[in-house]
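# Coordinates in review
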Amino acid sequence: MITKQTLGMYKVFTRGGDATRATHYCAGCGHGIINKLISEALAEMGLQDKAIMVGPVGCGVFGYYYWDCGNISAAHGRAHAVATGVNRVLHDSVVLSYQGDGDLGAIGFNNAFQAASRGEHFAAFFVNNATYGMTGGQMAPTTLLGMETLTSPLGRSAQHDGYPLHVCEVFNQLAGPVYIERVSVADSTRILKAKKAIRKAIEIQRDKKGYAFVEIIAPCPTNMAIDAIKSAEFCMTVMEKEFPLHCFRDKSAEALPREEAPTPPDINTFFAADQTLDVPAALTDDSFGEVRLKFSGFGGQGILSLGHLVADAARLERRFTSWFPTYGPEQRGGAAACSVVISGKPIGSPSVDTPDVLVCMNQPSYEKFVGSVVPGGTVIVDATVTRTIEPPAGVKLVVMPAIDLSTQLGMPKAANTLMLAALSKYGVSRLKRESLLTIMANNFRKKPAFAEKNLALFEAGEKSVANT
Amino acid sequence: MTKFIKGNEAVVIGALYAGADVYFGYPITPASEIAHAAADWFPALGREFLQAECETASINMMFGAAAAGKLAITATSGPGMSLMQEGLSYMAGAELPGVIVNIMRAGPGLGNVYPEQADYNQAVKGGGHGNYQCVVLAPASIQEMCDFTQRAFALSCKYRTPAIVLSDGLLGQMMENLILPQSIMPRPDLQAWAVAGTAETRKNLVSSIFLNAPEQELHNQRLQAKYDSMRPDAAHETYLCEDAEVVLVCYGISSRIARTAAETLRSEGVKAGVFRPITLNPFPAEALCKTLVGRKALAVELSCGQFRDDLLMHLAKEGKRYQEVALVNHMGGIVMSVEEIVAAAKKLR
Ligand SMILES: Cc1ncc(C[n+]2csc(CCOP(=O)(O)OP(=O)(O)O)c2C)c(N)n1
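Residues numbered from 1 in each chain as written. Chains lettered and ligands numbered in written order. Predicted model: local features only at pLDDT ≥ 70, side-chain atom pairs only at ≥ 80, totals over all residues. Heavy atoms only, no water.

It is worth spelling out the packing of helix α15 (residues 415-426) of chain A against helix α16 (residues 433-443) of chain A at this point. Residue and element names in this part refer to chain A. Viewed as axis vectors pointing N to C, α15 and α16 meet at an angle of 160 degrees, and their least axial separation amounts to 10 Å. As the angle between them shows, α15 and α16 are arranged roughly antiparallel. In this structure, α15 meets α16 at a crossing whose hand is right-handed. Contacts between α15 and α16 involve T417, L420 and S424 from the former and R433, L436 and M440 from the latter. A breakdown of the residues in the contact of α15 with α16 according to their chemical character gives 3 nonpolar, 2 polar and 1 charged. (Axes fitted to C-alpha atoms, helices over the stretch in contact; angles between N-to-C directions. Helix = DSSP H or I, 4+ residues; strand = E, 2+ residues; numbered from the N terminus. Parallel < 35°, antiparallel > 145°, perpendicular 65-115°, else oblique. Left-handed = near helix turned anticlockwise from the far one by under 90°. Contact = heavy atoms within 4.5 Å. Nonpolar A, V, L, I, M, F, W, Y, C, P; charged D, E, K, R; others polar.)

Written out as structure tokens, the structure reads:
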């Protein structure tokens, strides 16, 4: 097809190789007409600078030879995802996607469906020619029943291949789209209507109103193996029965333009405001060595926060510190455990397999971990745990009635504070009592009543340890 | 300013200070905290966050945002990384920047959610179709999870190819002190090639198509030359290597454990050191070859020997020599203990 310069298209198609004045489309193909309608609409509305076309893989892949606007060539089926990426970061541009029925209706259907459902801000042009044109005429999701293609040589069978996919009708179930219409380019009256629909979809983008979807029935004489006139007739008489031309939705008048977010705060101010403990970086201190602790129990006993508190106290004393939790399904079984390493130098392995200190608040974790404590180490265990296994030789055992005592004192959920008191009293974390208390107070800074009660509990715990 | 945070959260802080405009992602353990933190912090700081419908979508959204000249990041773990290979190949082909964080978990298939390093070949050798490479950085601490995310953006923009931060479930989940960056990195100018919806960029085209074979070959040759030119950005770290008789070669979390193992070995009379590549691509091959001369080498990895085999390749290609590299490893989500490394190193003597 030889074209005169079309409004909105390049004068010469230098990107297309040798044939710089002809498009690559076959005679009678609907793509050429649709390419032209889109470029004319963009030019007439003065939007070429702002326009970004996301092209498909399929016969429309070389649209960027012609469209005089920004062009991005997406992977097969991904134009909706790519256009989403563009419109999310460029709110002032006019984003368009252009896809065939294999590209959008098959390989990229979920990407298209989800983008439509989210009501992304772009216009989608969907060319339905009932076949895979570019790859030589295989069956498309839109292929009609009985239609012979390379991959449905006996004709599409409902039993074997399922039914033609009606994309407009499916998208019309979604709340996201602002505008959905099916048009055709099979004759001049239809082309005029198609042009209007294309313009409307682009206007919706210009006005920042949301997602617009235009399906365009297009002849494909080459793959239907008929001439251009018969192919156009086929579109009008046969395809339109399956895919009626219709405006399914037009909310363009009532849709509101997208709102822009308020100016954000400065990044440093933002992170400074989040109130997590901000301490100077750790210092190297070879004399300190390393303490490796493991905290274990049931989820809900405050095991992870106990480990976190100890880690924060270590940071306060400018020790190198790491905290590593069990995660994934392990944690869902109800078990909770974390490793804490406190060191005078940068920490190697953060995972504590052979702890110096094991804090244990339930039976299963006692049984699981007690054997791993190193000689010279300490096990602090809640008194409710029956010690079916003895700790290894040279390991000190501390029994703390944390659960009972905290229940007696009316704070059953704060048993971890009593374990902390034991840890502190025995000095096994090598952290100062006041560091631990500073962090505890900081953790409860928004609930002063809690802070006081926990301090009282901590002191009760220290006394109870002293008495054993 | 310092914070005690998870590696996964440190990634997001790195991205924000790198000036990332947008986060796209799909939830997966053990990477989900990256999406959680991004969902909190990106919008609060005027950046964009979007949960995609799948990782194929995430990476193609990245493609779109990058084509528009913006800085995009996504994070995932093995199964999602596999889905992203299509988009990575297209991004590399179209020469688009972007940062992909892989918090590796055990595979193949669904595997489990515990740490592994078995996506090494996938990250370092391309992973998708065609002759392409990504920049690959391997952090080993929470500080580096942040810093290397920033570096990944810088290198990705410099070389116009995707950059992967190759980490694992342990580094993602653990907490350490992070010293926050002081200011947002200067913004690279991408307008020469971006399609930004402006008069200046109207002529631009982002595409990976070269229909004509000689042109496609030329494009490939240019890409290869570009990948070769990345070598000066290869980085590594050595620990106690000066007088070492045994060198533990490892990256990421394995190098942390190897550090402790090297100290233990020294306390037991074996002079051990650690060689740790910081960039897995470009690989610090020259430094590796020099460090290993006259020394025994032990690869420490959470994979089947993918990394060890790559070391052999680098020694042969760069050092023009064959050298035995022993292997101590675990797979399946088990992290090797210091004792295992110590025992393996002692066997070499
Ligand atoms: C992942 C992938 N699978 C398959 C292809 C091959 N392919 C290219 S175009 C196409 C179908 C195009 O058909 P359609 O979207 O209907 O567009 P048309 O050519 O009919 O306009 C296919 C299967 C590809 N490029 N990428």
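The next subject is unusual backbone geometry. The peptide bond linking T29(B) to P30(B) adopts the cis configuration, its omega dihedral lying at 5 degrees. In this structure, P108(B) follows G107(B) across a cis peptide bond, with omega equal to 0 degrees. Note that P108(B) resides in the loop between β5 (99-104) and α6 (120-124). Phi at R318(A) is positive, roughly 60 degrees, even though this residue is not glycine. Checked against the element boundaries, R318(A) lands in the loop between α11 (303-316) and β11 (320-325). On the basis of relative accessible area, R318(A) is assigned to the partly exposed category, the value being 30%. If you check the backbone angles, R430(A) has positive phi at about 60 degrees while not being a glycine. Residue classification places R430(A) among the partly exposed residues on the basis of a relative accessible area of 41%. (Buried < 20%, exposed > 50% of the residue type's maximum accessible area, 1.4 Å probe, protein only.)

Attention shifts here to the sheet that holds strand β7 (residues 179-184) of chain A. Ordered by their spatial adjacency, 8 strands build an open sheet running β9(A)-β7(A)-β8(A)-β4(A)-β3(A)-β1(A)-β2(A)-β9(B), and the pairing between neighbours is mixed. Taken across any chain shown, the strands that pair with only one partner, and hence form the sheet edges, are β9 (246-250) of chain A together with β9 (205-206) of chain B. Relative to strand β8 (residues 212-217) of chain A, strand β4 (residues 123-128) of chain A is paired through 6 bridges, and the arrangement is parallel. Counted as the bridge partner of F125(A) is V214(A) from β8(A). (Pairing = 2+ DSSP bridges.)

Further remarks concern the nonpolar core. The nonpolar side chains of a soluble globular protein tend to be buried, and buried together. With 166 residues, the main nonpolar core has I72(A), F171(A), F213(A), F42(B), I73(B), L248(B) and L280(B) as its most contacted residues. Sorting elements by how many residues they give to this core places helix α7 (residues 142-159) of chain B first, with 9 residues. Sequence-distant contacts of F213(A), defined by excluding residues within four places in its chain, comprise L104(A), A124(A), F126(A), V167(A), C168(A), F171(A), Y179(A), I180(A) and E181(A). Grouped together as the second largest cluster of nonpolar side chains are 46 residues, I303(A), M361(A), V398(A) and M419(A) included. (Core = buried A, V, L, I, M, F, W, Y, C linked by side-chain atoms within 4.5 Å.)

Moving on: the domain arrangement of chain B. Residues and elements named next belong to chain B. In terms of domain boundaries, chain B breaks down into domain 1 (2-231) and domain 2 (235-347). Just the C-alpha atoms count here: the centres of domain 1 and domain 2 sit 27 Å apart. Listed as interface residues are 33 residues of domain 1 and, on the opposing side, 30 residues of domain 2. The largest contributions to the domain 1 side of the interface with domain 2 come from Q117, Y120 and R231, which together make up 29% of the buried area. The interface formed by domain 1 and domain 2 contains 4 salt bridges. (Domains from an automatic or database assignment. Buried area = accessible area lost by both parts, 1.4 Å probe. Salt bridge = Lys/Arg side-chain N within 4 Å of Asp/Glu carboxyl O.)

With that settled, consider the environment of N35(A). Residue and element names in this part refer to chain A. As for its placement among the helices and strands, N35 is situated in helix α1 (residues 30-44). Judged by its relative accessible area of 1%, N35 falls in the buried class. Taking C-alpha positions, N35 is 9.8 Å from Y64, a pair spaced 29 residues apart along the chain. Apart from the residues lying within four places of it in its own chain, the contact partners of N35 are M9, Y25, G63, Y66, W67 and Y98. Within the structure, N35 has its side chain in polar contact with the side chain of Y98 (distance 3.0 Å). (Polar contact = N/O pair within 3.5 Å; in protein donor to acceptor, adjacent residues only side chain to side chain.)

Here we come to the site of the ligand. Residue and element names in this part refer to chain A. Lining the immediate surroundings of the ligand are 16 residues, of which H31, C59, D101, D103 and G133 lie closest. Burial of the ligand by the protein amounts to 76% of the accessible area it has alone, namely 590 Å². Contributions of two or more residues to the shell around the ligand are made by α3 (101-107) and β5 (131-132). Counting residues per element, the shell around the ligand draws most heavily on α3, at 4 residues. (Near = heavy atom within 4 Å. Areas by Shrake-Rupley, 256 points an atom, 1.4 Å probe, with all protein chains shown as cover.)

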